[in-house]
Amino acid sequence: MRLRKFALVAAIMMFMTACSGEAPQLLDFLSNEPSELNFEGMIFRIYQDGDRDLRYIDENGGATSARHESIIQRLSDVETKYNCTIITDCGEPTDAGLKFASGIPCADFFNSTLKYAYPMFLAGYFIPVNEIPTIDLYSGKYGTKQLIDSLTWNGKTYGFYAQQWGQGPMRFSNAMTYNPEIFTLINHPTPNEYYEQGNWNWETLRAVGRDCVSISTPDHPVYLSSSNSHFFRMLMHSNGGEYIIEDDNGKYSYGLLESKVIEALQFAHDIYAEGLLEKGSGGHEEYVNKFSNNMYAVLCEYADYGVDGLISSTNEDYSEMKSVGYCYAPEGPRVEDNTRGIISNYTSFYHITKEKEDDVELLGHLMEVLFASIDEDPNEWKEEFMTMNFFDPMSAEVYMTQAENAYFDKVIFSSDQIFDTIAQAVTKGNIMESLQSIESMVNSQLDAGINKGR
């Protein structure tokens with residue numbers, strides 16, 4: 001199947017867009033379930049972070065895609081077969097948190113980014129998924145084993161991924177999008193071609209940046225990329241660095257003083273000081289505009305937001321681009337495996353609230369039928385996803401490899417100040433001083449949060 005240009009997706013819906021046309025024939029997933037299962041009119045609630053619930057209808061009066069239509073049908077089928085009502089809602093995650101705290105019915109299944117869900121986990125609003133006896137957690141419905149294990153803290157799993165719905169995309173901190181036209185202009189292979197040659201590393205990245213600057217003119221400057229925390233974060237991960245590290249006893253601590261982090265941030269400072277990164281701050285649309293107009297060779301801002309980041313942009317110049325690539329971060333000298341996707345705190349997962357704490361077995365039965373594959377082949381969504389979101393097979397393969405080997409970035413255990421500190425360390429060059437300045441604060445946050453009671 002020919003891979004084609006990024007399609008506009010409803011990213012907030014947090015499930016994958018499928019090819020246009022009629023909804024696929026739904027698998028008769030209910031036929032093998034025990035006929036005696038009956039929820040006796042129970043009401044279940046699914047709350048989505050954002051402005052679209054799972055039954056959202058677009059301005060044309062229909063579902064946003066064939067896959068979305070299938071999910072809506074799944075909700076109706078479960079209601080009919082098992083004698084229950086599924087209420088879908090959406091809104092700000094903070095509003096949901098206030099309702100959780102007040103005991104106001106809001107959600108049995110809460111879909112939100114880890115950034116907002118983590119404080120709710122600390123507040124005790126969620127039921128650990130691995131304590132529900134009536135689900136098969138590692139069946140493939142709820143994510144890969146590696147992903148589930150990385151969402152398990154202190155022996156409790158606090159989230160799951162609607163894997164066989166095609167929920168996505170995941171958002172990775174150790175990836176980049178690139179502009180193939182720039183690489184042609186500077187007579188370089190693309191990052192994915194460099195990777196296949198075994199030569200996609202820091203020094204290659206530096207050489208790309210130097211040749212970008214060499215073709216700059218006063219009217220049209222060209223840089224390797226923008227100088228923001230997303231780019232520095234990518235380089236840190238590319239050398240095996242982590243914000244938060246875990247010891248053999250399961251205790252978490254500040255990780256930015258590890259030598260591999262210092263080495264990565266020093267490299268970031270070196271290319272920044274050389275002028276290969278554009279200095280100054282900007283917003284999302286500004287980064288997209290410059291990338292689209294051949295001013296940046298690579299972009300990390302939206303790779304962190306997932307492949308939907310640029311798709312969701314309203315930038316007209318981007319929509320006219322003929323090609324965009326997606327690649328691994330360049331390998332640092334100390335990274336062990338650069339192909340594992342590091343999930344950022346802006347990826348959404350489902351969490352199970354305590355609203356039906358006394359009915360966890362019933363919740364489990366509901367999960368097993370609700371989140372079962374909507375396709376006859378549970379892997380069908382992968383081909384559709386790759387076809388709709390990537391220009392070329394190698395970019396699609398890179399993303400899918402990351403997704404199948406993904407693990408969770410534990411930066412949410414701290415505060416956003418950690419990003420500002422990294423940016424300051426790189427741009428000012430006072431790396432050790434900047435990183436040491438927040439060590440005590442971050443460790444205190446960890447001890448008051450994820451380490452509490454250990």
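Located above this text is the structure these notes cover.
Residues numbered from 1 in each chain as written. Predicted model: local features only at pLDDT ≥ 70, side-chain atom pairs only at ≥ 80, totals over all residues. Heavy atoms only, no water.

Draft legend 1. Up close: the state of the cysteines. Applying the stated rule across the entire model yields 0 disulfides. Of the cysteine sulfurs around C327, a residue in no disulfide, the closest is that of C300, at 8.1 Å. Residue classification places C327 among the buried residues on the basis of a relative accessible area of 0%. (Disulfide = S-S within 2.5 Å. Buried < 20%, exposed > 50% of the residue type's maximum accessible area, 1.4 Å probe, protein only.)

Draft legend 2. Geometry of the pairing of strand β1 (residues 42–49). Counting buried residues in β1 gives 6 out of 8 residues, a clear majority hidden from the surface. As judged from the 8 bridges shared by β1 and strand β2 (residues 84–91), these two strands associate in the parallel manner. Paired with I43 across the two strands is T85, which belongs to β2. One crossover worth recording links β1 to the parallel β2 by way of helix α1 (residues 66–82), and it is right-handed. (Helix = DSSP H or I, 4+ residues; strand = E, 2+ residues; numbered from the N terminus. Pairing = 2+ DSSP bridges. Right-handed = clockwise from strand over helix to strand, strands pointing away.)

Draft legend 3. Focus on the packing of helix α8 (residues 229–238) against helix α9 (residues 259–273). At a minimum axis separation of 8 Å, α8 and α9 run at an interaxial angle of 135 degrees. For the element pair α8 / α9, the angle class is oblique. For the pair α8 and α9, the crossing hand works out as right-handed. Contacts from F231, F232, L235 and M236 in α8 reach V261, A264, L265, F267, A268 and I271 in α9. When the residues that make up the contact of α8 with α9 are grouped by side-chain class, the tally is 10 nonpolar, no polar and no charged. (Axes fitted to C-alpha atoms, helices over the stretch in contact; angles between N-to-C directions. Parallel < 35°, antiparallel > 145°, perpendicular 65-115°, else oblique. Left-handed = near helix turned anticlockwise from the far one by under 90°. Contact = heavy atoms within 4.5 Å. Nonpolar A, V, L, I, M, F, W, Y, C, P; charged D, E, K, R; others polar.)

Draft legend 4. Layout of unusual backbone geometry. Unusually for a residue other than glycine, N83 sits at a positive phi of about 55 degrees. Take N83: it is sitting in the loop between α1 and β2. Among the residues examined, N83 registers a relative accessible area of 38% and is labelled partly exposed. Despite not being glycine, N187 has its phi angle at roughly 60 degrees, a positive value. Of note, N187 is situated in the loop between α5 (180–185) and α6 (191–197).

Draft legend 5. Main features of the packing of aromatic side chains. What the rule picks out here adds up to 33 aromatic pairs. The interplanar angle of 65 degrees and the centroid separation of 5.1 Å between the aromatic rings of Y252 and F413 together place this pair among those described as edge-to-face. Highlighted residues: Y252 in strand β10 (residues 252–254) and F413 in the loop between β16 (407–408) and α16 (417–428), separated in sequence by 161 residues. In this pair, the class of Y252 matches that of F413, namely buried. Relative to Y399, the ring of Y326 lies with its centre 5.7 Å away and its plane at 65 degrees, an arrangement referred to as edge-to-face. Here Y326, found in strand β13 (residues 325–328), pairs with Y399, found in helix α15 (residues 393–404); they are 73 residues apart in sequence, far enough to count as distant. The exposure class assigned to Y326 is buried, which follows from its relative accessible area of 3%. Take Y399: its relative accessible area is 3%, and that puts it in the buried class. Aromatic ring contacts, followed pair by pair, group Y118, F121, W153, Y158, Y252, F408 and F413 into a single cluster. Over the aromatic face of Y138 sits the side chain of K145, whose NZ or CZ is 5.5 Å from the ring centroid. (Phe/Tyr/Trp six-rings, centres within 6.5 Å; stacked < 30°, edge-to-face > 60°. Lys NZ or Arg CZ within 6 Å of the ring centre and 35° of its normal.)

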